[in-house]
Amino acid sequence: MSSLPLSDLPGPLPAAPAPAPAARTSFSPARLTRHALTLLPLLLIGAWAAADWRAFLDGATRLASADPWWLLAGLFFTCMGWVAAAVVRQGAIPERLPPGLLLASQFAAGAANHVLPASIGAHAVTLRFLQGQGIPLARGTASLALYSLVKPIAKTVVLLGFLVAFPELLHLGELVPNKRTLLLVAVGVTVALATAGTLATAVRPLRRPLVCFVRSALTDARILHTRPSRVLALWGGAAATPLLQASVIASVGFALGLPLSWTQVTLALLLASTAVGAVPAPGGIGPVDAALVFTMVTFGAPMGLAAATVIGYRVLTVWVPLLPGALVLSILVQRKIL
């Protein structure tokens, strides 16, 4: 037994110092992901611009010698197109959305729409915006479906109205599709509907969200059509959209000396977009352009001038707002609005 006095016994060992908290890194995965999403639109646009630089250069060269006042008119109608898109989006949902942010989202959606085919980019941006405003996913998706359904119906009504109002423009035998083309279109639509119905019936995980989506779509459509302001915004904005697009094309054509009237240019756009508008190309670029040039030539425009008009139209509606739209898209993502 030790003879040391109790007071001389060593006390308890001091506790080990607590480990210093790990330095909080400023580059968390969530922040890195957000920065990547902010830069992604600019990267995609840069790649797309590199691939289509020749068309932009050719269009810019031709527009340099065009009438600047008509080009300003075309730019004005381009801006009004974004306003019409925002009006239709508001008309497709019962809740009131903030007008400024809605317009900014449609301006940003225009940039995304020219990168991804079949309006996927614009719909994705709009859906993110709606979710940020507290709209549930099912109701936001139903709003996009209603928007996508109303636009071609309204455009068809406008087309029929033009054909009835201007019967002298009906000598378009070269533009009428033959029986084989109509049969292929009918078969394609039938197969698509049958495939969708089979998947919805046979695949059990798809059934519940599909039923929820259809229920939300029908409920919202019924509610919206009991409000005159929403009906006017939805159908009026959808009918005004192709007229504004045609006004941009006509303004560019007048600036270059295109020997067609506004009515002929509008009818040419309606026919071309109706014929090949369903082809999944980014922003409709490619198939619609070719069909539009062909239709204007059928109306009597020289081939070179018609092609220059379409290129100028794409410069005003795609290239001029592309970088500002991408910047707005990046800002909306960075501020967590999207």
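Refer to the preceding data block for the structure.
Remember, it's a predicted structure, so these values are computed and weren't measured experimentally. (Residues numbered from 1 in each chain as written. Predicted model: local features only at pLDDT ≥ 70, side-chain atom pairs only at ≥ 80, totals over all residues. Heavy atoms only, no water.)

> Help me understand the overall build of the protein in this model?
The number of helices and strands found in the protein is 12 helices and 0 strands. If you list the helices and strands of the protein from N to C, you get α-α-α-α-α-α-α-α-α-α-α-α. Each of the 338 residues in the protein was classed as buried or not, and the buried ones make up 37%. Within the protein, contacts between residues at least 6 apart in sequence are counted, and of these 76% link residues at least 24 apart. Here the protein displays about 19,100 Å² of accessible surface, and carbon together with sulfur accounts for 72% of that area. (Helix = DSSP H or I, 4+ residues; strand = E, 2+ residues; numbered from the N terminus. Buried < 20%, exposed > 50% of the residue type's maximum accessible area, 1.4 Å probe, protein only. Contact = heavy atoms within 4.5 Å. Areas by Shrake-Rupley, 256 points an atom, 1.4 Å probe, with all protein chains shown as cover.)

> Is there a simple way to explain unusual backbone geometry in this structure?
Peptide bonds are trans in most cases, and residues, glycine excluded, mostly fall at negative phi. Positive phi outside glycine occurs at Lys336, with the angle close to 65 degrees. Checked against the element boundaries, Lys336 lands in the segment after helix 12 (303–334). Taking relative accessible area as the criterion, Lys336 reaches 62% and is therefore assigned exposed.

> Looking at this structure, I do not really get the pattern of salt bridges. What am I missing?
A pair can form between side chains of opposite charge whenever their charged atoms are brought close. Counted under the stated rule, the structure contains 2 salt bridges. Two residues, Glu95 and Arg139, come together in a salt bridge whose shortest N-O distance is 2.7 Å. With Glu95 in the loop between helix 3 (68–91) and helix 4 (99–113) and Arg139 in helix 6 (residues 137–165), this pair connects stretches of sequence that are 44 residues apart. By relative accessible area, Glu95 is classed as partly exposed at 30%. (Salt bridge = Lys/Arg side-chain N within 4 Å of Asp/Glu carboxyl O.)

> Before we go on, may I ask you to explain a nonpolar patch on the surface in this structure?
Together, Phe76, Met80, Val83, Val87 and Leu103 make up a nonpolar patch on the protein surface, roughly 370 Å² of accessible area in all. Residue position: Val83 is located in helix 3. Overall, the relative accessible area of 33% leaves Val83 in the partly exposed class. (Patch = residues over 30% accessible without salt bridge, like charges linked within 9 Å, V, L, I, M, F, W, Y side chains within 5 Å.)

> What is the right way to look at the packing of helix 9 (residues 228–256) against helix 12 in this model?
Angle between the axes and distance between the axes: these two values describe a pair of packed helices. Between helix 9 and helix 12, the shortest axis-to-axis distance is 9 Å and the interhelical angle comes to 125 degrees. With respect to each other, helix 9 and helix 12 are oriented oblique. The handedness of the crossing between helix 9 and helix 12 comes out as right-handed. In this structure, helix 9 contributes Gln245, Val248, Ile249, Val252, Gly253 and Leu256 to the contact, and helix 12 contributes Leu305, Ala308, Thr309, Gly312, Tyr313, Leu316 and Thr317. In terms of residue class, the contact of helix 9 with helix 12 is made up of 8 nonpolar, 5 polar and no charged. (Axes fitted to C-alpha atoms, helices over the stretch in contact; angles between N-to-C directions. Parallel < 35°, antiparallel > 145°, perpendicular 65-115°, else oblique. Left-handed = near helix turned anticlockwise from the far one by under 90°. Nonpolar A, V, L, I, M, F, W, Y, C, P; charged D, E, K, R; others polar.)

> Got a minute to help me understand the packing of aromatic side chains in this structure?
Aromatic ring pairs are reported here in terms of the distance separating the ring centres and the angle at which the planes meet. Using the criterion set out here, one finds 5 aromatic pairs in the structure. Each ring, one from Trp70 and one from Phe254, has its centre 5.0 Å from the other, and the planes form 65 degrees; the classification is edge-to-face. Remark: Phe254 occurs in helix 9 and Trp70 occurs in helix 3; sequence separation between them is 184 residues. Using a relative accessible area of 28% as the deciding quantity, one classes Phe254 as partly exposed. (Phe/Tyr/Trp six-rings, centres within 6.5 Å; stacked < 30°, edge-to-face > 60°.)

> Looking at this model, I keep getting lost on helix 11 (residues 287–298). Mind explaining?
A turn of α-helix holds 3.6 residues, and therefore any two residues three or four places apart point the same way. With 12 residues, helix 11 extends 17 Å between its outermost C-alpha atoms, agreeing within 8% with the 16 Å of an ideal straight helix rising 1.5 Å per residue. If you check which residues of helix 11 are buried, you get Val288, Asp289, Ala291, Leu292, Val293, Thr295 and Met296. At the C-terminal side of helix 11, Gly300 shows a positive phi close to 115 degrees. (Expected span 1.5 Å × (residues − 1).)

> Sorry, what's going on with the packing of helix 4 against helix 5 (residues 120–132) here?
The N-to-C vectors of helix 4 and helix 5 enclose an angle of 150 degrees; their axes lie 7 Å apart at closest approach. In terms of their interaxial angle, helix 4 and helix 5 are classed as roughly antiparallel. Crossing angle aside, the handedness with which helix 4 passes helix 5 is right-handed. Here helix 4 contributes Leu101, Leu102, Ser105, Gln106, Ala109, Ala112 and Asn113 to the contact with helix 5, which in turn contributes Gly121, Ala122, Val125, Thr126 and Phe129. Its residues assigned to classes, the contact of helix 4 with helix 5 comprises 7 nonpolar, 5 polar and no charged.

> It is not clear to me how the side chain of Thr295 should be interpreted in this structure. Could you clarify?
With respect to the element layout, Thr295 can be found in helix 11. A relative accessible area of 3% means that Thr295 is categorised as buried.

By themselves, these are just geometric observations and shouldn't be taken as functional.
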